[in-house]
Amino acid sequence: MTSAEFDQRVEAVRRFSRFYTRQIGVLQEGLLRSPFSLTEARVVYELAHHEGTTATELGEELGLDAGYLSRILRGFHKRGLLAKERSQDDGRQTLLCLTRQGQEAFAKLNAASRDEIGAMLAELSEEEQGSLVDAMHTIEKLLGPGPEHRVPYILRPHQPGDMGWVVQRHGVLYAQEYGWDERFEALVAEIVADFIQRYDPRRERCWIAEKDGENVGSVFLVKKTKTVAKLRLLLVEPKARNLGIGSRLVDECVRFARLAGYRKISLWTNDVLHAARRIYEKTGFTVVDREAHHSFGHDLVGETWELKL
Ligand SMILES: CC(C)(COP(=O)(O)OP(=O)(O)OC[C@H]1O[C@@H](n2cnc3c(N)ncnc32)[C@H](O)[C@@H]1OP(=O)(O)O)[C@@H](O)C(=O)NCCC(=O)NCCS
């Protein structure tokens, strides 16, 4: 290739960069309506995807100057969006995670950004959308530092529509996987209705796991007594299993229960739920009671597990 040809390529890349910066600018105008600056939005996005990360990891991931990042994090902390916790593995490390308020702010930002990109894509035909996405993958593959570092799911608090989803998926999946009849679905409906009607946000919580914009998991932590919390309705969609989402949902419950001042978490399960038992066991729960029962059309063995906090 001659040097003139190479120069033409350089020009073409510069032209594309100018074009795309403008394009992104238009897309990000929406951010101006959100309470976040562009960089703050990137930080919130990373925090939502890497719960329990450190400021150093975050700075490396985003390529941000440590001083600048630390000002942003201080601001988030002041606005009640960020919680800091000492790492149990390494006491010198401070782990960062979004508070419930932070998760809610992220959920809004995420939905707005999805709508904006959706609107941009909707202007193109299906075929054109495919070409655009392929071209973007090519750019990312050629210029990127390697596979994008990202955990492919987020956890967020419940929002309208989630309780219906929880009931429906429990009904369908337990019927498919264990043959349980609709009485189980009815029980789940009662549990979630009770959760919403008596919800105590300081001491109770629901986490929904979302992957590629779809709900894929749930768990609830509810108040049993002043000192005992109950973990309920752990579920992960079959297509999202064995990625660590179930364990992460249980870990979140344990962490929240500690912060909320409970002394113990208790849960009820059945001995046929092998994957769940594995998670409870590795989180440190132990079986304290076993009882045969006939429910949902089957002879079952119920188990109560507990974790002292
Ligand atoms: C239980 C459940 C939530 C786990 O979700 P998940 O996202 O796949 O969980 P993870 O990926 O974090 O971990 C699954 C663990 O179970 C293990 N596992 C998977 N299938 C298993 C089986 N049949 N027997 C024993 N262990 C199993 C995995 O190896 C993994 O353990 P590891 O981390 O030590 O390798 C999911 O399987 C589910 O929704 N099951 C049906 C509903 C249910 O049982 N809920 C519990 C109500 S009490």
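Residues numbered from 1 in each chain as written. Predicted model: local features only at pLDDT ≥ 70, side-chain atom pairs only at ≥ 80, totals over all residues.

Caption draft 1: Region of interest: the overall build of the protein chain. A count of helices and strands for the protein chain gives eleven helices and nine strands. Its C-alpha atoms put the protein chain at 80 × 45 × 35 Å along the principal axes. Put simply, the protein chain has 309 residues, and 21% of those count as buried. Expressed as a percentage of contacts within the protein chain between residues at least 6 apart in sequence, the contacts between residues at least 24 apart total 57%. (Helix = DSSP H or I, 4+ residues; strand = E, 2+ residues; numbered from the N terminus. Buried ≥ 20, exposed ≤ 12 C-beta atoms within 10 Å, placed from the backbone. Contact = placed C-beta atoms within 7 Å.)

Caption draft 2: How the structure looks around the sheet that holds strand β7 (residues 264-270). Pairing in this open sheet of seven strands is mixed, and the strands run β3-β4-β5-β6-β7-β9-β8 from one edge to the other. Unpaired on one side and paired on the other, β3 (154-157) and β8 (286-295) mark the two borders of the sheet. Between one strand and the next, the sheet's axes are offset by a mean angle of 25 degrees, whatever the strand orientation. Pairing of strand β6 (residues 228-236) with β7 involves three bridges; the strand directions are parallel. Bridge pairing in β7 links A229 to I265. (Pairing = 2+ DSSP bridges. Axes fitted to C-alpha atoms, helices over the stretch in contact; angles between N-to-C directions.)

Caption draft 3: Up close: the environment of F36. Relative to the helices and strands, F36 resides in the loop between α2 (29-32) and α3 (38-49). For F36, a count of 20 C-beta atoms within 10 Å translates into the label buried. Linking F36 and F106, residues 70 residues apart in sequence, is a C-alpha distance of 9.8 Å.

Caption draft 4: Geometry of the site of the ligand. R241, G246, S247, H274 and A276 are the nearest of the 18 residues found near the ligand. Listing elements by their share of the shell around the ligand, those giving two or more residues are β6, α10 (245-259) and α11 (274-283). The residue makeup of the shell around the ligand, split by class, is nine nonpolar, six polar and three charged. (Near = placed C-beta within 6 Å. Nonpolar A, V, L, I, M, F, W, Y, C, P; charged D, E, K, R; others polar.)

Caption draft 5: Region of the structure containing the domain arrangement of the protein chain. Segmenting the protein chain into domains produces domain 1 (34-143) and domain 2 (154-308). With centres defined by C-alpha atoms, the gap from domain 1 to domain 2 works out at 28 Å. Taken together, the contact between domain 1 and domain 2 spans eight residues of the former and six residues of the latter. The element contributing the most residues to the side of domain 1 that touches domain 2 is helix α6 (residues 100-122), with five residues. Here the side of domain 1 that touches domain 2 is composed, by residue class, of two nonpolar, two polar and four charged. (Domains from an automatic or database assignment.)

Caption draft 6: Quick look at the nonpolar core. Counting 51 residues, the largest nonpolar core has V44, A209, V219, L231, L249, C253 and I265 as the members making the most contacts within it. Residues lining this core come from more than one domain, with at least three contributed by each of domain 1 (34-143) and domain 2 (154-308). Setting aside chain neighbours within four positions, we find L249 in contact with W207, A209, G217, V219 and L234. (Core = buried A, V, L, I, M, F, W, Y, C linked by C-beta atoms within 7 Å.)

Caption draft 7: Quick look at unusual backbone geometry. Phi angles above zero are rare outside glycine, and N242 is one such case at about 60 degrees. The phi angle at F296 is positive, at roughly 55 degrees, despite the residue not being glycine. In this fold, F296 is placed in the loop between β8 and β9 (298-308). Owing to 19 C-beta atoms within 10 Å, F296 belongs among the partly exposed residues under this scheme.

Caption draft 8: Quick peek at the pairing of strand β5 (residues 214-223). Of all ten residues making up β5, seven are buried, and the element is well covered by its neighbours. With seven bridges connecting them, strand β4 (residues 205-211) and β5 associate as antiparallel partners. Bridge pairing links E210 to N215 in β5. As consecutive antiparallel partners, β4 and β5 are separated by two residues, and within that stretch D212 has a phi angle of approximately 45 degrees, a positive value. Here six bridges tie β5 to β6, and the two strands are oriented antiparallel to one another.

Caption draft 9: Inspection of the packing of α10 against α11 at higher detail. Remark: α10 packs on α11, axes separated minimally by 10 Å, with the N-to-C direction vectors making an angle of 45 degrees. With respect to α11, the axis of α10 lies oblique. In this structure, α10 crosses over α11, and the sense of that crossing is right-handed. Each of G246, S247, V250, D251 and V254 in α10 lies in contact with α11, whose residues at this interface are A275, I279 and T283. Across the contact of α10 with α11, the residue classes tally to four nonpolar, three polar and one charged. (Parallel < 35°, antiparallel > 145°, perpendicular 65-115°, else oblique. Left-handed = near helix turned anticlockwise from the far one by under 90°.)

Caption draft 10: Representation of helix α5 (residues 66-78). Between its terminal C-alpha atoms α5 stretches 18 Å, which fits the 18 Å expected from 13 residues at 1.5 Å a residue. Those residues of α5 that fall on the buried side of the exposure criterion are I72, L73 and F76. For α5, the buried positions fall inside an angular range of 100 degrees around the axis, keeping them on one side. Every exposed residue of α5 that faces more than 90 degrees away from the buried side is listed here: G67, R71, R74 and K78. Check the buried side of α5 and you find it contacts α3, α4 (55-62), β1 (82-86), β2 (94-98) and α6. A positive backbone phi angle near 75 degrees is found at G80, which sits one or two residues after α5. (Expected span 1.5 Å × (residues − 1). Arc of directions from axis to C-beta.)

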